[in-house]
Amino acid sequence: MLQKSPKVYYDLSPAALVEHAIRKNEGILAANGALTVTTGKYTGRSPKDKFIIDYPEIHDTIAWGSINQPMDPERFERLFEKALDYASKKELYVFRGYVGADPAYRMPIRVINEFAWQNLFAHQLFIRPASKEELANHQAEFTVLALPTMQADPAVDGTHSEAFILVSFKERVVLIGGTHYAGEMKKSIFSVLNYLLPEKNVCPMHCSANMGANGDVALFFGLSGTGKTTLSADPKRRLIGDDEHGWSANGIFNFEGGCYAKCINLSAEKEPQIYAAIRFGSVLENVILDPDTRVPDYDDASRTENTRAAYPIDYIPNAQIPGIGGHPNVVVFLTADAFGVLPPVAKLTPEQAMYHFMSGYTSKLAGTERGITEPQATFSACFGAPFLPRPVPVYAKLLGEKIREHNARVYLINTGWTGGPYGIGKRMNLPYTRAIVDAVLSGELEKASFVEDPIFRVLVPTTCPNVPAEVLQPRNTWQDKAAYDEQARKLARLFAENFAKFTNVDPAVAAAGPRVE
């Protein structure tokens, strides 16, 4: 694949990659030492441009649809040949490393980049070899080839735009072109693991994980804006990882060797660990710098809301390295409910856990710039629908089995609105949410009495240390109780409508959702 290229650089250090990136005008250094780059037109993932190559031997194992779009093998082969020819005229950077911190499930990978800065991203995000001896025996089982300046021709290549993210399980290649956004590399490999690991009875999960002083492990699932990163970055606990994990017969393991944190509105006060991790060796994507001082302005969203920082996990002072832990004691599903009707914390049965895992609910605010304050329910299966090649019940069944086998306690925590919907109520008090998380992780909340919510049927505690009792029952926080009932029934219907799309679901799981009149 690399023989014809003018120059190939293997396994360069972060310092050397920074030098190359600056020499080639790929980015500049910020005042904090981070390499700062822009990604042009694409400042986030491009899901409509992602395809899985549809080979007969895998066809029946993929959940084809708008997320997993098929491409025929002949078309892929032609585009792959074009990409190899394109790469042969470029200087290339190669990173050899791994995904999967548990040696029993570790997969060697190779990442080939046209840009030095993207190779630095790969070096910091994936797991780095521990020694030269380990590298000498490295045999890649999957390769990522990222050529941002190569553009597809949709009329000829069968893509939807000039950008393409192609996953071939037969060739064991991810081919990326037309987009400069580095997150495509990270998430493509996550999708690959989401396909391969269930065959090994490993549950792949889009979640963060941390560990207490006694080795107790907690998982945090949640979509963007729910507080997953903020709540899992706990100075009292060790961070196993911030985004992607597997749950095997051995316990939890991080897929990655780094973090890819959103940094819009980042501050040293609110997220000191992330703020301090952005230094030399880190990559900042689309962050605006002061033109004179080069100090990052994390509040500036003029380029994108999706500003990002990539850094190795050992830049976090209390990181768990290697990223391995025991079986989780606690599983937390985070939601930011803008309807204002879900309780701030509720305990779930295993069946309810699978229902809410498959639902992956949060809410986003629609059109607020035009004064429209009606919240929109968002359902992303398993809190990571864009990365699931297999049918959703495959992942839910695996998680349910692990929860039952290891007696994990499962909680739904609402970090959204209380006292009314968005526009009337207010966002949940962060100190209350932290107090709830502390009580959940310590086991203190298990001592409380619980009552069943009449609509959502989850078990709601009557007391929680350092949280006012009236806050725990969302209906009590609304002045207009009839309005609460109407909103709660509306959200219950939305849950039911979303869940109806799933087939081959355990009847006990299907029956574990909200009560719909």
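Predicted model only: the values in this text are computed from it and were never measured. (Residues numbered from 1 in each chain as written. Predicted model: local features only at pLDDT ≥ 70, side-chain atom pairs only at ≥ 80, totals over all residues. Heavy atoms only, no water.)

J.: Any chance you could break down helix 11 (residues 430–442) for me, citing the residues and the numbers?
T.: The first and last C-alpha atoms of helix 11 sit 18 Å apart over 13 residues, in line with the 18 Å expected at 1.5 Å per residue. Of all the positions in helix 11, only Thr433, Ala435, Ile436, Val437, Ala439, Val440 and Leu441 are classed as buried. (Helix = DSSP H or I, 4+ residues; strand = E, 2+ residues; numbered from the N terminus. Expected span 1.5 Å × (residues − 1). Buried < 20%, exposed > 50% of the residue type's maximum accessible area, 1.4 Å probe, protein only.)

J.: Any details on the packing of helix 3 (residues 116–125) against helix 6 (residues 183–196)? Residues and values, ideally.
T.: Between helix 3 and helix 6, the shortest axis-to-axis distance is 9 Å and the interhelical angle comes to 40 degrees. For the element pair helix 3 / helix 6, the angle class is oblique. The interaxial crossing formed by helix 3 with helix 6 has right-handed handedness. In contact with Gln118, Phe121 and Leu125 of helix 3, helix 6 contributes Gly183, Met185 and Lys186. (Axes fitted to C-alpha atoms, helices over the stretch in contact; angles between N-to-C directions. Parallel < 35°, antiparallel > 145°, perpendicular 65-115°, else oblique. Left-handed = near helix turned anticlockwise from the far one by under 90°. Contact = heavy atoms within 4.5 Å.)

J.: Mind laying out the nonpolar core, listing which residues take part and the relevant values?
T.: Counting residues in each nonpolar core, the largest one holds 77 residues, and the members touching the most others are Leu166, Phe169 and Leu175. With seven residues, helix 6 is the single largest residue contributor to this core. Other than its neighbours up to four places away in sequence, Leu166 contacts Phe51, Ile53, Met71, Phe76, Leu79, Val173, Val174 and Leu175. (Core = buried A, V, L, I, M, F, W, Y, C linked by side-chain atoms within 4.5 Å.)

J.: Let's hear about the pattern of salt bridges: which residues, and what values?
T.: Within the structure shown, the criterion is met by 24 salt bridges. Glu444 is paired through a salt bridge with Lys447; the nearest N and O atoms lie 3.2 Å apart. Connected via shared salt-bridge partners are Lys186, Lys187, Lys228, Asp243, Glu244 and Glu256. (Salt bridge = Lys/Arg side-chain N within 4 Å of Asp/Glu carboxyl O.)

J.: Give a description of the sheet that holds strand 16 (residues 258–262) that names residues and reports values.
T.: Taking strand neighbours across the sheet as the criterion, the five strands line up as 2-3-17-20-16 in an open arrangement whose pairing is mixed. Both edges of this open sheet fall to strand 2 (28–29) and strand 16, since each of them pairs with a single strand only. Strand direction decides the pairing type here: strand 2 and strand 3 (residues 35–37), joined by two bridges, are antiparallel. What sits directly across from Leu29, in strand 3, is Leu35. (Pairing = 2+ DSSP bridges.)

J.: I'd like a rundown of empty space enclosed by the protein, residues and numbers included.
T.: One water molecule sets the probe size; rolling that probe over the atoms shows where empty space is left. By the definition in use, this model includes three cavities of 30 Å³ or more. Estimates place the volume of the largest cavity at around 60 Å³. Around the largest cavity sit Thr229, Ser232, Ala233, Leu239, Asp242, Cys259, Gln273, Ile274, Tyr311 and Ile316, which together line it. For the lining of the largest cavity, the secondary structure elements donating two or more residues are helix 7 (228–232) and helix 8 (272–277). When the residues that make up the lining of the largest cavity are grouped by side-chain class, the tally is six nonpolar, three polar and one charged. (1 Å grid on protein atoms, 1.4 Å probe; cavity = no way out; pocket = protein on both sides within 12 Å on 5 of 7 lines; lining within 4 Å. Points joined across faces, edges and corners; volume = space filled by probe spheres on them. Nonpolar A, V, L, I, M, F, W, Y, C, P; charged D, E, K, R; others polar.)

J.: Tell me about the layout of surface pockets, and please be specific about residues and values.
T.: In this structure, the largest pocket occupies an estimated 2000 Å³ of space. Taken together, 50 residues make up the lining of the largest pocket; nearest its centre are Leu223, Ser224, Gly225, Thr226 and Lys262. Listing elements by their share of the lining of the largest pocket, those giving two or more residues are helix 6, helix 7, strand 16, strand 24 (361–365) and helix 11. Class assignment for the residues of the lining of the largest pocket results in 17 nonpolar, 19 polar and 14 charged. Counted as a void, the second largest pocket has a volume near 400 Å³. Along the walls of the second largest pocket sit 19 residues, with Ile67, Ala381, Val392, Lys501 and Phe502 positioned nearest its centre.

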